[in-house]
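Results of the structural survey
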Amino acid sequence: MDWTRFKRKYSTFQIIIIGFAAIILIGTGLLMLPFSSRSGEVASLDCALFTATSAVCVTGLIVRDTASYWSGFGQAVILILIQIGGLGVITIAAFIETLAGKKLSVRERGLVVDSISAFQSGGMVRMTRFIIRLSLIVEASGAVLLMPVFCRDYGSEGVWMAVFHSISAFCNAGFDLMGTHSGAFSSLTAYKGSFPVVLVVCLLIILGGIGFWTWHDIITCRRHVRRYKMQSKVILVTTLFFIAVPAVLFFLFEFVDGPLPERISLSVFQSVTPRTAGFNTADLSKISGRGVGLMIALMMIGGAPGSTAGGMKITTVAVLFASAVSVFQRKKDTQLFHRRVEDSVIRRASALLLIYLVLVFVSACAISFMEGISMRECLFETASAAGTAGITLGITPSLGFFSHLILIALMFFGRTGGLTLMYAAISDRKAEVFRRPVETINVG
Amino acid sequence: MKSFLLIGVNHLGSMIAKKLVDLGYEVMAVDTDETRINAIQSVVTDALIGDSTNEEFLKKLGVDEYDVCFVTIVNDFQDSLMTTFLLKEMGAVKVIARAGSEIQERLLYRSGADEVINPEKLAAGWIAERYSGED
């Protein structure tokens, strides 16, 4: 089918979904090539599909240890998938098209607007260039900053490690190459005391997670915080809140046996990573029930809209919180930073919260039933998949094919954003010709 | 059971609706105004907010399935005319329209109404007869 007919037939939301699915399938095919794995064996469909989905959806859940199972080629494929998934299939496609000197059509602009959750369609081309240029700059500086430590520890291999971890952190993916050095599935635990690594990785995760629009505001308005868009202010304040508060809580009831600087570093890192990066410097299997609960909540909340992060997004939580406050104060309007929030936004936010809660809970029940594992591990795993976080209590590799399929679906849902998927599935948006009368119903 | 479609929920319309429900019939009430529909909603079988001059909306209503359609729109005669015409065109079995003057009566007949009622004229006749016999 040719491109123009294809565009006319499907809605923008459907094309975004199809784009992501297509990249996942291509990635699966590439990972199944014999020279993608270190041993030269052909990876099973389950393993390749899971890894490709995890990479494109920037999750970081893995069934085979990235460093010890995949060859250099396989790792490169994973890294490219992470980069495409992190910036968004459509953003990259639009960028390549403009590089080739083509002008984007009105419909293609609409596609870009929907895929990076923009406000208007003006300046879209400039925006995609801005996103990609800034991403590359941040990733390159991250790699340069990580290089001294990694080169000291691993010699020339350290260059590749620095590049891989920088991109993986910035895209909030959480894939790591530590498996051959500090034991399979060890993530960054070997660097729990290394401040340069912890600091750089944290910064990369946060920068990736606050979203392209927030960067745009920061770069164009600089110190003039008042001129920031309301959304950027909300994102910055909630991000700060969701880093500081969990860090304090982690400090109070986890990692009590370590020395003080290590405790602080561990607390901060474990509070940054669930939303939604997926590295860990602490052994998660030793974390208490309180810590697990807190992490599940953080994973579901996720990052900012129009960013490399997943989850139901911090703005959703902020809007619901503001709406609850307005109910308690018996005010008619919901307000954030002296601006009114539209009712339709609040409805979308509550719909998102509901589908996330239901999906995470129901799929955790299903996996728990099929595999006979306790709900604690399963809830952690499904929240991690739906929030595209990628931290795990260690059950991912041992799960069966159907549990993996559930996780794949959750990751896909988490990355494309629940509503995009719903809008794509229900494309029939005819204007309503009538409304029903109002009748009161009591809630609460 | 007989079912009625009632378009235009004003004084006349709502009184017709209430009486029909009292008599045990099913009534679907339609109006463009949300407050009027919300007010009648607890009385009638079902109610919808919508524009009866919109063909799409009438199609969704399935006007040919009602035994009788009342067009009791006041204040906007053009809407009355268009609704009556559309109802008949879509195969409504019996359309009863309300007119405010004799010219309106004739126009409504022209656009297909099966019966036209002019409430003021009816009331006037009744009042004249009722009080002319008195001495």
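Here is what the cut-offs are and how they apply
- Residues numbered from 1 in each chain as written.
- Chains lettered and ligands numbered in written order.
- Predicted model: local features only at pLDDT ≥ 70, side-chain atom pairs only at ≥ 80, totals over all residues.
- Heavy atoms only, no water.
- Helix = DSSP H or I, 4+ residues; strand = E, 2+ residues; numbered from the N terminus.
- Contact = heavy atoms within 4.5 Å.
- Lys, Arg positive; Asp, Glu negative; His and termini not counted.
- Charge placed at Lys NZ, Arg CZ, Asp CG, Glu CD.
- Axes fitted to C-alpha atoms, helices over the stretch in contact; angles between N-to-C directions.
- Parallel < 35°, antiparallel > 145°, perpendicular 65-115°, else oblique.
- Left-handed = near helix turned anticlockwise from the far one by under 90°.
- Nonpolar A, V, L, I, M, F, W, Y, C, P; charged D, E, K, R; others polar.
- Patch = residues over 30% accessible without salt bridge, like charges linked within 9 Å, V, L, I, M, F, W, Y side chains within 5 Å.
- Areas by Shrake-Rupley, 256 points an atom, 1.4 Å probe, with all protein chains shown as cover.
- Salt bridge = Lys/Arg side-chain N within 4 Å of Asp/Glu carboxyl O.
- Buried area = accessible area lost by both parts, 1.4 Å probe.
- Polar contact = N/O pair within 3.5 Å; in protein donor to acceptor, adjacent residues only side chain to side chain.
- pLDDT = per-residue confidence, 0-100.
- Pairing = 2+ DSSP bridges.

So, on to the overall build of chain B. Summing up its helical and strand segments, chain B has six helices and six strands in all. Put simply, chain B runs from its N terminus to its C terminus through helices and strands in the order β-α-β-α-β-α-β-α-β-α-β-α. Overall, chain B is about 55 × 35 × 30 Å in size when its C-alpha atoms are taken along their principal axes. Nonlocal contacts in chain B, meaning residues at least 24 apart in sequence, comprise 49% of its contacts between residues at least 6 apart. If the 13 positive side-chain charges of chain B are averaged to one point and the 23 negative ones to another, these points end up 3 Å apart.

As a further point, take the packing of helix H17 (residues 343-371) of chain A against helix H18 (residues 375-386) of chain A. All names here are of chain A. Look at H17 against H18: their axes get within 8 Å of each other, and the N-to-C directions meet at 135 degrees. When the axis of H17 is compared with that of H18, the two are oblique. For H17 against H18, the interelement crossing comes out right-handed. Residue-level contacts link Tyr 356, Val 360, Phe 361, Ser 363, Ala 364, Cys 365, Ile 367 and Ser 368 of H17 to Met 375, Cys 378, Leu 379, Thr 382, Ala 383 and Ala 386 of H18. Broken down by class, the residue content of the contact of H17 with H18 amounts to 11 nonpolar, three polar and no charged.

As a further point, take a nonpolar patch on the surface. Residues and elements named next belong to chain A. A cluster of nonpolar residues, Phe 369, Met 370, Phe 401, Phe 402 and Leu 405, forms a patch on the protein surface that exposes about 560 Å² of accessible area. Those elements that provide at least two residues to the nonpolar patch are H17 and helix H19 (401-416). Looking at the nonpolar patch element by element, the count peaks at three residues for H19. For Met 370, the location among the structural elements is in helix H17.

Now for the interface of chain A and chain B. Across the contact, seven residues belong to chain A and 14 residues belong to chain B. Note on chain A versus chain B: buried area summed over both sides is about 970 Å², and carbon and sulfur give 58% of it. Counting every contact that joins chain A to chain B gives two salt bridges. Glu 34 of chain B serves as the salt-bridge partner of Arg 435 of chain A, at 3.3 Å between the closest nitrogen and oxygen. Counting every contact that joins chain A to chain B gives four residue pairs in polar contact (both at pLDDT 80 or more). The residue makeup of the side of chain A that touches chain B, split by class, is four nonpolar, no polar and three charged.

Scored by pLDDT, chain A comes out at a mean of 86, with 96% of its residues at no less than 70. No element of chain A has a lower mean pLDDT than helix H1 (residues 3-9) of chain A, which averages 68, and none a higher one than helix H16 (residues 314-328) of chain A, which averages 93.

Right, let's get into the environment of Phe 77 of chain B. Residue and element names in this part refer to chain B. The topology assignment puts Phe 77 in helix H4 (residues 77-89). Between the alpha carbons of Phe 77 and Arg 98 there is a distance of 9.6 Å; along the sequence they are 21 residues apart. Ignoring sequence-local partners within four residues, the contact set of Phe 77 consists of Gln 104, Leu 107 and Leu 108.

This part covers the packing of helix H7 (residues 106-115) of chain A against helix H8 (residues 124-154) of chain A. All names here are of chain A. In the contact formed by H7 and H8, the axes pass within 10 Å of each other and the chain directions differ by 45 degrees. Between H7 and H8, the angle is such that the two are oblique. Regarding H7 and H8, the two cross each other, and that crossing is left-handed. Contact with H7, carried on its side by Arg 109, Val 112 and Val 113, involves Met 124, Val 125 and Thr 128 of H8 and no other residues of that element. Partitioned by chemical class, the residues of the contact of H7 with H8 number four nonpolar, one polar and one charged.

Another point: the sheet that holds strand E2 (residues 26-31) of chain B. The mixed open sheet is built from seven strands, whose spatial order is E3(A)-E3(B)-E2(B)-E1(B)-E4(B)-E5(B)-E6(B). Lying at the two open borders of the sheet, with one neighbouring strand each, are strand E3 (434-435) of chain A together with strand E6 (115-117) of chain B. Against the sheet, helix H1 (residues 11-22) of chain B contacts strand E1 (3-7), E2, strand E4 (68-71) and strand E5 (95-98) of chain B, and its axis sits at roughly 165 degrees relative to E1 of chain B. Against the sheet, helix H5 (residues 102-110) of chain B engages E5 and E6 of chain B, with an angle of about 160 degrees to E6 of chain B.

This next bit is on the side chain of Ser 54 of chain A. Residues and elements named next belong to chain A. Within the secondary structure layout, Ser 54 lies in helix H3 (residues 45-56). In terms of polar contacts, Ser 54 uses its side chain to reach the backbone amide nitrogen of Gly 60, at 3.0 Å. What Ser 54 contacts, discounting residues up to four positions off in sequence, is Thr 59, Gly 60, Leu 61, Phe 175 and Met 411.

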